[in-house]
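# Architecture at a glance
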Amino acid sequence: MASIGLDEENTGEGGEQGGKARFPFGSQQFRDHFREHETGRLGGPLYALANLTLLLAIMGGIAWSIGQWHGYFLLLLPLYFLFVNGVEYVLHRFPMHRKMPGAQVVYEHVTIHHNFFADQVFYFEDTRDYYAAILPFYIFIGLTVVICGTAGLVYLVAGLDNALFFALVGYGYYLLYELLHFSYHTPDTSFVKRLPFVRSLARQHILHHQVKLMAHYNFNITFPIFDVIMGTMYKGPTPPNLP
Ligand SMILES: [Zn+2]
Ligand SMILES: [Zn+2]
């Protein structure tokens, strides 16, 4: 089991556990500490439901606000999807896995998410574990700034309906990310894991959770489009601890 700080090979940067208590990386001690001290009062299922409701409400509000649904939105959809897939890739590959000035809080992806789900423990064992997988509120705020900022640029170029449509795709992608990522960390016996495409995507993500691979491979969490483009999709041997 790796001890923290993480080494250069693991993170691409020297690592440490930020303001969190220091436990061996990926250890049961960290998991116990997180469950006792870092989870919120809502409890896991309500926390998940609150996030789902918030994202659906935002998407509903945006969809309701679009004055005219243009046919060319069908052409814009794959373009916007590809753009947001690239944003997911860049955010995950760099500030989430490299300590960068001004973005320390985003590095909690390593110090919390990868610390909690590391090497041999990928799956929810307790509903409090949902807090280690669902993006926290301050990341929701940050992504809202990114989505609304980009929609603002679209507004300047192409008007309100186009900007709203971009925001709809952005939040739709956010919701897709949360649903898929949550599914990946459910046990292999869960009903979503019976879907072949979820099992296949989950395997890519579980490989990313191998401590020695996480800073180098499989940065797309939804569909590995930019991992293929950038040559960072893991094609090496299956680590011995994986089935
Ligand atoms: Zn994960
Ligand atoms: Zn990661």
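Sequence positions are assigned chain by chain, starting from 1 and proceeding in written order. In the order they appear in the text, chains get letters beginning with A and ligands get numbers beginning with 1. With the structure being a predicted model, the display of local features is reserved for residues of pLDDT at least 70 and the display and counting of side-chain atom pairs for 80 or more, all residues being used for whole-chain, interface and lining totals.

Once that is clear, we can look at the packing of helix H3 (residues 44-65) against helix H7 (residues 160-184). Fitted lines through C-alpha atoms give the axes, limited to the stretch in contact for helices. The angle between two N-to-C directions lies from 0 to 180 degrees. Every helix listed is a DSSP run of H or I at least four residues long, and every strand listed is a run of E at least two residues long, numbered separately from the N terminus. For the pair H3 and H7, interaxial distance at closest approach is 9 Å and the crossing angle is 160 degrees. On the basis of their axis angle, the class for H3 and H7 is roughly antiparallel. As for the relative orientation of H3 and H7, their crossing is left-handed in sense. Contacts between H3 and H7 involve Asn 51, Leu 55, Ile 58, Met 59, Ile 62, Ala 63 and Ser 65 on the former and, on the latter, Leu 164, Ala 167, Leu 168, Tyr 171, Gly 172, Tyr 174, Leu 175 and Glu 178. Just so you know the grouping, Ala, Val, Leu, Ile, Met, Phe, Trp, Tyr, Cys and Pro go in nonpolar, Asp, Glu, Lys and Arg go in charged, and all remaining residues, Gly too, go in polar. Its residues assigned to classes, the contact of H3 with H7 shows 11 nonpolar, 3 polar and 1 charged. Should an angle lie under 35 degrees it is considered roughly parallel, over 145 roughly antiparallel, and from 65 to 115 roughly perpendicular; all remaining angles are considered oblique. Handedness of a helix crossing follows the sense of rotation of the near helix relative to the far helix, less than a right angle counterclockwise being left-handed and clockwise being right-handed. It is the C-beta atoms, placed from the backbone, that decide contacts: two residues are in contact if theirs lie within 7 Å.

It is worth spelling out the packing of helix H6 (residues 137-158) against H7 at this point. Running from N to C, H6 and H7 point in directions that differ by 155 degrees, and their axes come no closer than 7 Å. Judged by the inter-axis angle, H6 sits roughly antiparallel to H7. Considering only the axes of H6 and H7, their crossing is right-handed. Between H6, through Leu 143, Ile 147, Cys 148, Thr 150, Ala 151, Gly 152, Val 154, Tyr 155 and Ala 158, and H7, the contact on the second element is made entirely by Leu 160, Asn 162, Ala 163, Phe 166, Ala 167, Gly 170, Tyr 171 and Tyr 174. Of the residues belonging to the contact of H6 with H7, the class tally is 13 nonpolar, 4 polar and no charged.

All right, on to unusual backbone geometry then. One non-glycine residue, Asp 119, adopts positive backbone phi at about 55 degrees. Within the secondary structure, Asp 119 sits in the loop between helix H5 (108-116) and H6. In this structure, Asn 218 takes a positive phi of about 60 degrees despite not being glycine. By the element assignment, Asn 218 lies in the loop between helix H8 (196-208) and helix H9 (225-230).

Of note, Gly 44 is situated in helix H3. Field definition: a residue is buried when 20 or more other C-beta atoms are found within 10 Å of its C-beta, exposed when 12 or fewer are, and partly exposed for counts in between, with C-beta atoms placed from the backbone. Under the C-beta neighbour-count criterion, Gly 44 is labelled buried, with 20 such atoms within 10 Å. With 87 residues separating them along the chain, Gly 44 and Tyr 131 place their C-alpha atoms 6.5 Å apart.

Our focus in this paragraph is the nonpolar core. Nonpolar cores are identified as sets of buried Ala, Val, Leu, Ile, Met, Phe, Trp, Tyr and Cys residues joined via C-beta atoms within 7 Å. Ile 62, Leu 164, Phe 166, Ala 167, Leu 168, Val 169 and Tyr 171 are the most contacted members of the largest nonpolar core, which totals 16 residues. Listed by contribution, the elements that provide at least two residues to this core are H3, helix H4 (73-93), H6 and H7. Looking at this core, the element that brings in the most residues is H7, giving 10 residues. Setting aside chain neighbours within four positions, we find Ala 167 in contact with Ile 62, Ile 147, Cys 148 and Ala 151.

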